[in-house]
Amino acid sequence: MEKEACIPFVYSTSFPEITSSEFRGWIIHLICLAGESSFVYNRKYLHLRQCDALVLSRPDLVSDIVCSEALQVEFIAAPSRFLYSLMPLSEKDAVDGSA
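These numbers were taken from a predicted model, which means no experiment stands behind them. (Residues numbered from 1 in each chain as written. Predicted model: local features only at pLDDT ≥ 70, side-chain atom pairs only at ≥ 80, totals over all residues. Heavy atoms only, no water.)

## Points about the sheet that holds strand E1 (residues 10-12)
- With respect to topology, 4 strands assemble into an open sheet ordered E1-E7-E2-E5, the strand pairing being antiparallel. In this open sheet, the two strands that pair with only one neighbour each are E1 and strand E5 (53-56). On average, adjacent strands in this sheet sit at an angle of 15 degrees to one another, irrespective of strand direction.
- The pairing of strand E2 (residues 26-34) with E5 spans 4 bridges and is antiparallel. Looking at E5, one finds that Leu30 is bridged to Leu54. (Pairing = 2+ DSSP bridges. Helix = DSSP H or I, 4+ residues; strand = E, 2+ residues; numbered from the N terminus. Axes fitted to C-alpha atoms, helices over the stretch in contact; angles between N-to-C directions.)

Given below as structure tokens:
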């Protein structure tokens, strides 16, 4: 029996943690539960507030994070190579599952 590889995932509630070098080459899925934050992503100023969802394919491009005291977020990070491997090979595969 072949041993399955362990795919690392990270769950966190600390928004500033997304700038960690650990997440280079990873994708982050984040939801804002309360409060607000502003930050720069790829030289573009963005604002995050309650009920906003965010998917970052290049968390290494995030900088200048400012968080309100009330900010509450949850995020899951996983290696992009792993997540891309789960995607269908073509639009046809996505529709009829014939991959």
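## With respect to the environment of Arg49
- Mapped onto the elements, Arg49 comes out in strand E4 (residues 44-49).
- C-alpha of Arg49 to C-alpha of Ser37: the two residues are 12 residues apart in sequence and 6.5 Å apart in space.

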